[in-house]
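# Observations on the three-dimensional arrangement
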Amino acid sequence: MRGAVIHAPGDVRFETLDDPKVLHPTDAIIRTAVTCVCGSDLWPYRGAEPIGDPHPMGHEYVGFVEEVGSEVSSVRPGQFVVGSFATSDNTCVNCRNGFPSNCLHREFMSTCQAEYVRIPNAGGTLVALDETPDESLWPSLLALSDVMGTGWWAAEAAEVRPGSTAVVVGDGAVGLSGVIAAKEMGAERIIAMSRHEPRQKLALAFGATDIVTERGEEGVARIKEMAGGIGADSVLECVGTAQAMSQALHSTRPGGSVGFVGVPHDVAVDGQELFFSHVGLRGGPAPVRRYLPDLIERVLSGRIDPGKVFDLTLPLAEVAEGYQAMDERRAIKALLKP
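One structure accompanies this document, and this report is about it. Everything numeric here is computed off the predicted structure, so don't read it as measured data. Residue numbers run consecutively from 1 along every chain, following the written order of its sequence. Local features in this predicted model are restricted to residues whose pLDDT is 70 or higher, and side-chain atom pairs enter the listing and the counts only when it is 80 or higher, whereas totals over whole chains, interfaces and linings include all residues. The basis for every side-chain value is the complete set of heavy atoms in the structure, and neither hydrogens nor water enter the calculation.

## Some remarks on the overall build of the protein
Along the protein, the regular secondary structure elements total 12 helices and 16 strands. With the radius of gyration taken over C-alpha atoms, the globule rule is written as 2.2 Å times the number of residues to the power 0.38. By the compact-globule yardstick of 20 Å for 338 residues, the protein fits well, its C-alpha radius of gyration being 19 Å. The principal-axis extents of the C-alpha atoms in the protein amount to approximately 60 × 40 × 40 Å. Contact between two residues is taken to exist if any of their heavy atoms lie within 4.5 Å; hydrogens are not considered. A fraction of 67% describes how many contacts in the protein between residues 6 or more apart in sequence connect residues 24 or more apart. Where helices and strands are cited, they refer to DSSP runs of H or I of at least four residues and of E of at least two residues respectively, numbered from the N terminus.

## Details of the pattern of salt bridges
Whenever Lys or Arg places a side-chain nitrogen within 4 Å of a carboxyl oxygen from Asp or Glu, that contact is recorded as a salt bridge. According to the stated counting rule, one finds 17 salt bridges in the structure shown. The partner of Asp11 in a salt bridge is Arg13, and the shortest N-O contact between them spans 2.8 Å. Assessed through its relative accessible area of 23%, Asp11 is described here as partly exposed. The residue Asp171 makes a salt bridge to Arg329 at a minimum N-O spacing of 3.0 Å. Placement of the pair is Asp171 in the loop between β9 (165–169) and α6 (173–184) and Arg329 in the loop between α12 (319–327) and β16 (334–337), with a sequence separation of 158 residues. Take Arg329: its relative accessible area is 38%, and that puts it in the partly exposed class. In this structure, a network of salt bridges that share partners links the residues Glu184, Asp294, Arg298 and Arg303. Here's how the labels work: a residue is buried when its accessible area is under 20% of the maximum for its type, exposed when over 50%, partly exposed in between, all with a 1.4 Å probe on protein chains only.

## Side note on the packing of aromatic side chains
Two rings from Phe, Tyr or Trp (for Trp, the six-membered ring) form a pair when their centres sit within 6.5 Å of each other. Planes less than 30 degrees apart are called stacked, planes more than 60 degrees apart edge-to-face, and all others tilted. Overall, the coordinates contain 7 aromatic pairs when judged by the stated rule. Relative to Phe276, the ring of Phe275 lies with its centre 5.0 Å away and its plane at 85°, an arrangement referred to as edge-to-face. Linked through ring pairs, Phe64, Phe80 and Trp138 together constitute an aromatic cluster. Each ring is checked for a lysine NZ or an arginine CZ that lies within 6 Å of its centre and within 35 degrees of its normal; such an atom marks a charge sitting over the ring. Above the ring of Phe99, the side-chain terminus of Arg290 is found at 5.5 Å from the ring centroid.

## Topic: the packing of helix α5 (residues 147–157) against α6
Two numbers describe how α5 lies on α6: the axes approach to 7 Å, and their chain directions differ by 55°. If you check the angle between α5 and α6, you find them oblique. Judged by the sense of rotation from one axis to the other, the crossing of α5 with α6 is right-handed. Residues Val147, Met148, Thr150, Gly151, Trp152 and Ala155 of α5 touch α6, and the partners they reach there are Ala173, Val174, Ser177, Gly178, Ile180, Ala181, Ala182 and Glu184. Only the contacting stretch of a helix is used when fitting its axis, a line to C-alpha atoms as for every element, and angles between N-to-C directions run 0 to 180 degrees. Reported orientations rely on four angle classes, namely roughly parallel under 35 degrees, roughly antiparallel over 145, roughly perpendicular from 65 to 115, and oblique for the rest. Left-handed is the label given to a crossing in which the near helix is rotated counterclockwise from the far helix by less than a right angle, and right-handed is the label when the rotation is clockwise.

## Quick word on the sheet that holds strand β4 (residues 55–56)
Pairing is antiparallel in the open sheet, where 3 strands are placed in the order β2-β1-β4. The strands lining the two open edges of the sheet, one partner per strand, are β2 (11–16) and β4. Whether two strands pair depends on DSSP finding at least two bridges between them. Relative to β4, strand β1 (residues 2–8) is paired through 2 bridges, and the arrangement is antiparallel. Its bridge partner lying in β4, Ile6 is registered against His55.

## Re the nonpolar core
Membership of the largest hydrophobic core comes to 57 residues, with the highest contact counts inside it found for Phe80, Val82, Leu141, Leu144, Met148 and Leu236. Not counting residues up to four positions away in its chain, the partners in contact with Met148 are Ala143, Ser177, Ile180, Ala181, Leu295, Ile304 and Pro306. Take the buried Ala, Val, Leu, Ile, Met, Phe, Trp, Tyr and Cys residues and link them wherever side-chain atoms come within 4.5 Å; each set so joined is a nonpolar core. Met57, Tyr323, Ala325 and Ala334 belong to the second largest nonpolar core, which has 17 residues in total.

Structure, rendered in structure tokens:
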């Protein structure tokens, strides 16, 4: 088969790879319907994370089951499936407590920008649809495997409530998905922090009521000015940088909450400052598998359309252009078609 391989910062290639095989009785093999480039893939692409030896990339996927291991009974060959970027058995104590992304048998997906993918823990990870959905829905279903589920987790961790004021820090695909989530959870005011007009327009289309372009101290002051002088009830931190975390914490009112879902890079939180702020802080890898049945129904019913975050569609063979376009902010998120 063919798939994406990263060799060095800025160097992603489309290469011939070994076909995946069932290695464990809990595995499944899927044929990828569509896949994509994630904002978190840009960390190694930009040299902010070590790469080591050349290796495949990608953790977002939907597709058709080709083969299943002997212990997989919840999905069967031919079915269209959606899965999480973090695999889970869906039976361990952490899964039962609602955190399948911390499953005791968790594996993170990392080979999905390819024509075929091996899915560990397939029985607990994959959700099969009753029938193959119309191709127009594939982008939105793909978004559920990470960015929409992660945006939902950001809103849940930030304790968005009906009638509340929510702020979204970050205008990438996760932040924009967080806008959708905040609206679905009933936030009355949703303030998206963005400096990029196409992303501002999409945020407004998804339900944002206000746009703030300022950052840093100016951004915090603007949020407080808009939110009763004390800050927002809920802030969704969807970037992962020190500046984004600082902006999120300082934009939250005493008693409010921050949900942080951007993978942290050089982020340090002052424990004493947090202690006296009365701000709640919660985050981590999103428990996507817990949300999938509900989010799939919202997509199929037309209630949400997170697939709009894909503003560039390319053949999988042009995956390198997808990385470059996102790195240069010419695209929010690149959809790849095998």
